[in-house]
Amino acid sequence: MEKEKTNNNGEFKKVLGLGSLVCFGLAYMAPTVVFNYYGSISVESHGMYPMVFVCTVIAIFFTAFSYASMSTVFQKSGSAYVYVQQSMNPHVGFVTGWVMMLDYVLLPMICFLLVGIYMNTYVPAVPVAVWVIIVVLLCFFINVMGVSNTAKVDSIIVGAQLIMMGVFIVAGIITIAQGGIDGTSNGFIDGSAFYNPEYFELKLVLYPAAMLCVSFLGFDAVSTLSEEAKNPKRDIPRAIILVCLGTGLLFTFIAYIAQVMWPVGWQHMEDPDAGIFELLARITVIPHLDIAFLVVDNIGSLACALSGQAAVIRIMYNMGRDNILPKKVFGKMNKKGVPVYNLCIVAAIGLTGILFADSLLSAVSLISFGAVTGFILVNLSVPMYFLRKEGMRGGAAVFKYGVMPVIGVLICLVLWFNIATTAKIVGIVWLIIGIIILAIKTKGFRQLPPEMDIE
């Protein structure tokens, strides 16, 4: 989706309808992510991967409703940061933006790690750590040269991912009809994929559900297209909800197909982090699906890492330029217009993926802290704005702007407490750093905080 199309007055053309907005949101969600976590979360949930998605979608629905509510009033970039800033308190808004920055900083590391794990599966002589170093250096030099992905290339990559999903669904249905992998399928209707009383424990689905929230971070990207929407006040909220539900249903369906096709897979995977390859390699109706996925997903991960790096180094540059962070380091660019110091920092953080070579979920859990914390604050911003600040009353208003977001807060709090301890420690340390910076910049919170540009 290109944002360079403007009218003669330098404003964005309002050309996007509801369908275009929904398509953009779905494309932004990295479609093959449902495959990336198949092995790890199937094992973690004891074969109830679809149930984990159901829990995640329920949590995300209420949060998406809050995003939709706030987008009817604040039709500008910044999303969670702006919502909290305008409805609660500028200082809390700054902290919200700072916490969600953690996701931007760590996302490239997850992409590097995925490539490393997957390449090691097919070239085991080269350790995961070496692959991570190779892709970190590759992305570093590409971004140093100022080369970025065009919308056309991104569209091709997303198209390939969607084709991969379609082929998988067809192959899965045929395989189930033939009795499943190794004859283990119980047929198309298998309730144990959602609830298996022999193994079910609430924590088995809540812990991974907290991590899967990361998979839905992109649904609020729709709100950044307000200036190009034909009817933003009506279509942006609808698109946010439709993207949330559409992606949730699609991911849940694919997770169900994978689980029903090989219901005992979680007990037999040799390497859960690369479990999707063990599944795909066992599908015989369409040969070499594992190789096709390796190519498609690695290209997608590299594209995600490149764009993620490019985005976060510019966010850091904006914060350095505005002296939120030390300007001598973060506010410097090279002759090509690239903030190289920032790129070095982000590349160094990307190398920490080496530490998680044996545990993909541990790395993903680090991002879940920022995502879930941000969701909690957005849910809180709804009653603070509509009920307290705007003084809305009546049963409908209380339900929409009170009951719904409070349910969202409670669900997200449950997920927050199920985030891994290490992730909480990293997140809280990051939060404390942000509060210290805020205290210094506002002279003990006595002044308004500086504006954050997190787009």
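Residues numbered from 1 in each chain as written. Predicted model: local features only at pLDDT ≥ 70, side-chain atom pairs only at ≥ 80, totals over all residues. Heavy atoms only, no water.

Time to look at the overall build of the protein chain. Per the secondary structure count, the protein chain includes 18 helices and zero strands. In terms of overall dimensions, the protein chain has C-alpha extents of about 65 × 60 × 45 Å along its principal axes. Here the protein chain holds 455 residues, and 55% of them are scored as buried. Taking contacts inside the protein chain between residues at least 6 apart in sequence as the whole, the part at least 24 apart equals 79%. Element-wise, carbon and sulfur atoms account for 66% of the exposed surface of the protein chain, whose accessible area totals about 19100 Å². (Helix = DSSP H or I, 4+ residues; strand = E, 2+ residues; numbered from the N terminus. Buried < 20%, exposed > 50% of the residue type's maximum accessible area, 1.4 Å probe, protein only. Contact = heavy atoms within 4.5 Å. Areas by Shrake-Rupley, 256 points an atom, 1.4 Å probe, with all protein chains shown as cover.)

In this section: the environment of Gly166. Topologically, Gly166 is positioned in helix 8 (residues 151-177). Take Gly166: its relative accessible area is 31%, and that puts it in the partly exposed class. Counting along the chain gives 88 residues from Gly166 to Ile254, while the straight-line C-alpha distance between them is 9.5 Å.

Our next topic: the side chain of Ser66. Residue placement: Ser66 occurs in helix 4 (residues 49-71). Accessibility expressed as a relative area gives 1% for Ser66, which makes it buried. What Ser66 contacts, discounting residues up to four positions off in sequence, is Val378, Asn379, Val382 and Pro405.

Another point: the nonpolar core. The tendency in soluble globular proteins is for nonpolar side chains to be buried side by side. Counting residues in hydrophobic clusters, the biggest one holds 141 residues, and the most contacted among them are Tyr37, Tyr49, Phe168, Ile276 and Leu279. When residues in this core are grouped by element, the largest group, 19 residues, is from helix 6 (residues 90-122). The residues contacting Phe168, other than those within four sequence positions of it, are Phe35, Ile254, Ile257, Ala258, Met261, Leu279, Leu280 and Ile283. (Core = buried A, V, L, I, M, F, W, Y, C linked by side-chain atoms within 4.5 Å.)

With that out of the way, let us pick up the side chain of Gln85. Mapped onto the fold, Gln85 is located in helix 5 (residues 80-87). With relative accessibility at 13%, the residue Gln85 sits in the buried group. Of the polar contacts made by the side chain of Gln85, one reaches the side chain of Gln86; its length is 3.1 Å. Ignoring sequence-local partners within four residues, the contact set of Gln85 consists of Pro90, Gly93 and Glu451. (Polar contact = N/O pair within 3.5 Å; in protein donor to acceptor, adjacent residues only side chain to side chain.)

On to the pattern of salt bridges, then. What the rule picks out here adds up to two salt bridges. Two residues, Lys203 and Glu201, come together in a salt bridge whose shortest N-O distance is 3.9 Å. Of the charged contacts in the structure, one is a salt bridge between Asp235 and Arg234, with a shortest N-O distance of 2.8 Å. Residue class for Asp235 comes out buried when judged on its relative accessible area of 3%. Assessed through its relative accessible area of 42%, Arg234 is described here as partly exposed. (Salt bridge = Lys/Arg side-chain N within 4 Å of Asp/Glu carboxyl O.)

Turning to the packing of helix 4 against helix 16 (residues 360-389), a few remarks are in order. The geometry of helix 4 relative to helix 16 is characterised by a closest axis approach of 9 Å and an angle of 45° between their N-to-C directions. With respect to each other, helix 4 and helix 16 are oriented oblique. Seen from above, helix 4 lies across helix 16 with left-handed handedness. Taken together, the residues of helix 16 that come into contact with helix 4 (itself represented by Ile60, Phe62, Thr63, Ser66, Tyr67, Ser69 and Met70) are Phe375, Val378, Asn379, Ser381, Val382, Tyr385 and Phe386. When the residues that make up the contact of helix 4 with helix 16 are grouped by side-chain class, the tally is nine nonpolar, five polar and no charged. (Axes fitted to C-alpha atoms, helices over the stretch in contact; angles between N-to-C directions. Parallel < 35°, antiparallel > 145°, perpendicular 65-115°, else oblique. Left-handed = near helix turned anticlockwise from the far one by under 90°. Nonpolar A, V, L, I, M, F, W, Y, C, P; charged D, E, K, R; others polar.)

Read these as layout, nothing more, since geometry by itself doesn't imply function.
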